[in-house]
Amino acid sequence: MKRCPKCSAGYEAMNWDCPVCGFAPPVLGGIPAIAPELAQGGAGFHPDAFAALAALEAGNFWFRARNRLIVWALRRHFPQMQRYLEIGCGTGFVLAGVANAYPKVKLTGSEVFSAGLPYAARRVEKAEFIQMDARHIPYMEEFDVIGAFDVLEHIEEDQAVLVEMLRALRPGGGIIITVPQHPWLWSRQDDYACHVRRYRLGELRDKVRRVGFHVEFETSFVSLLLPIMLASRLAQRNEAAHSDPLVELRLPKLINCTFGAVMGLERLLIRLGLRFPAGGSLLLLARKPIDRS
């Protein structure tokens, strides 16, 4: 069910024209713009970074390893998923991985910045796309799963986003989230990415529970590489401000392959039941309760 961003009325319809208040969103590049005032940029991200990310993601060990971990977790916890929404889908790299793993699932990708959506639409042609503000998700009890991958750290009101995710899920549906963690890893990379936080241990879990979710699974990742990551971040603090902010993604082939193999070992250990207490990133899955009253 859609939820009008102007009057909050719920309605079933193919288009976004609200039958109650008459709201009709503009269309930007063929995609409905639910929050058009934010579509061209602002705080939270550099829209011009989408082109660089689109060129780097498929070849970089971290993006590939994260995708494989996400797909494994989805298959383990939500094997019967039918409707899926990704918040902040960016260039569609994760969405494409989900599409390959779930060829029959109805996919919706969303992004606040219109600049990223053409990349995503080319990668995942079968998906539906909307431009929206994650703090005001225009759906009610619509999806089986909602994903947000390295998105919440860009948003001051992250708990408001979690409340909206809960509302947009069907009873029994779930969320899958990745975030960067450990404030002591903060570096110029976080500044460039417009992060407002790196999550402390337990912080995301507490926020997710506070809004009404039941946490089912949680683990750190990029854990075996954490010493190398820390050394890299410490080195960045001494570099000039104008040096390449994407240097961590532009790795020599041998190093990239080696790090990818380490991440593969880490994923195997997670699949075997090991949960890492610390790591550069965190993966969390939680479920919306079914009201049996």
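Residues numbered from 1 in each chain as written. Predicted model: local features only at pLDDT ≥ 70, side-chain atom pairs only at ≥ 80, totals over all residues. Heavy atoms only, no water.

Asks: I would appreciate a short explanation of the overall build of the protein in the present structure.
Replies: Within the protein one finds nine helices and eleven strands. A compact globule built from 293 residues should have a C-alpha radius of gyration of about 19 Å, and the protein, at 19 Å, falls within 12% of that. In terms of principal-axis extent, the alpha carbons of the protein reach across some 55 × 45 × 35 Å. The long-range share in the protein, meaning contacts at least 24 apart out of those at least 6 apart in sequence, stands at 72%. Carbon and sulfur atoms provide 56% of the accessible area of the protein, an area that totals close to 13,300 Å². (Helix = DSSP H or I, 4+ residues; strand = E, 2+ residues; numbered from the N terminus. Rg over C-alpha atoms; globule rule 2.2 N^0.38 Å. Contact = heavy atoms within 4.5 Å. Areas by Shrake-Rupley, 256 points an atom, 1.4 Å probe, with all protein chains shown as cover.)

Asks: Looking at this model, I keep getting lost on the pairing of strand β5 (residues 83–87). Mind explaining?
Replies: Note on strand geometry: in a regular strand, side chains alternate between the two faces of the sheet. Summarising burial for β5: five of the five residues are buried, a large majority. Here β5 shows a buried face lined by Arg83, Leu85 and Ile87 and a second buried face lined by Tyr84 and Glu86. Taken together, the four bridges between β5 and strand β6 (residues 106–111) define a ladder with parallel strand orientation. From the neighbouring strand, Leu85 faces β6, where its bridge partner is Thr108. Where the polypeptide runs from β5 across helix α3 (residues 93–101) and back to β6, its parallel neighbour, the crossover connection is right-handed. Summarising the sheet, β5 and strand β8 (residues 143–149) pair through four bridges and their orientation is parallel. Bridge pairing in β8 places Leu85 opposite Ile146. (Buried < 20%, exposed > 50% of the residue type's maximum accessible area, 1.4 Å probe, protein only. Pairing = 2+ DSSP bridges. Right-handed = clockwise from strand over helix to strand, strands pointing away.)

Asks: Quick question: what am I supposed to make of the packing of aromatic side chains here?
Replies: Centre distance and the angle of the planes are the two values used to describe a pair of aromatic rings. As enumerated under the stated definition, the model contains six aromatic pairs in all. Relative to Tyr139, the ring of Trp16 has its centre 5.3 Å away and its plane inclined at 75 degrees; by these criteria the two rings are edge-to-face. Taken as a pair, Trp16 in the loop between β2 (10–11) and β3 (27–28) and Tyr139 in the loop between β7 (128–131) and β8 lie far apart in primary sequence, 123 residues in all. Tyr139 shares its class with Trp16; the two are buried. Pairing Phe61 with Phe259 gives two aromatic rings, centres 5.3 Å apart and planes at 70 degrees, and the pair type is edge-to-face. Of this pair, Phe61 sits in helix α2 (residues 61–77) while Phe259 is found in helix α9 (residues 253–271), placing the two residues 198 residues apart along the sequence. Comparing Phe61 with Phe259 shows no difference in burial state: the two are buried. Positioned above the aromatic ring of Trp16, the side-chain terminus of Lys2 is 4.9 Å from the ring centre. We note Arg122 situated over the ring of Tyr119; from NZ or CZ to the ring centre the distance is 5.1 Å. (Phe/Tyr/Trp six-rings, centres within 6.5 Å; stacked < 30°, edge-to-face > 60°. Lys NZ or Arg CZ within 6 Å of the ring centre and 35° of its normal.)

Asks: Could you clarify how one ought to interpret the sheet that holds strand β10 (residues 214–221) in this entry?
Replies: To summarise the sheet geometry, strands pair through backbone hydrogen bonds and adopt either a parallel or an antiparallel arrangement. Within the open sheet, the seven strands sit side by side as β7-β6-β5-β8-β9-β11-β10. Their pairing is mixed. Each edge of the sheet is formed by a strand with only one pairing partner; in this case those strands are β7 and β10. The average angle at which neighbouring strand axes cross in this sheet is 15 degrees, direction not considered. (Axes fitted to C-alpha atoms, helices over the stretch in contact; angles between N-to-C directions.)

Asks: Would you mind going over the nonpolar core with me for this structure?
Replies: If you look at soluble globular proteins, the nonpolar side chains tend to sit buried side by side. Grouped together as the largest cluster of nonpolar side chains are 49 residues, with contacts concentrated most on Tyr84, Leu107, Phe129 and Ile176. Not counting chain neighbours up to four residues away, the residues in contact with Phe129 comprise Ile31, Pro32, Cys89, Leu95, Gly109, Leu117, Ala120, Ala121 and Val124. Residues Tyr11, Ile137, Tyr199 and Val208 belong to the second largest nonpolar core, which totals 37 residues. (Core = buried A, V, L, I, M, F, W, Y, C linked by side-chain atoms within 4.5 Å.)

None of the figures reported here should be taken as evidence of function without further support.
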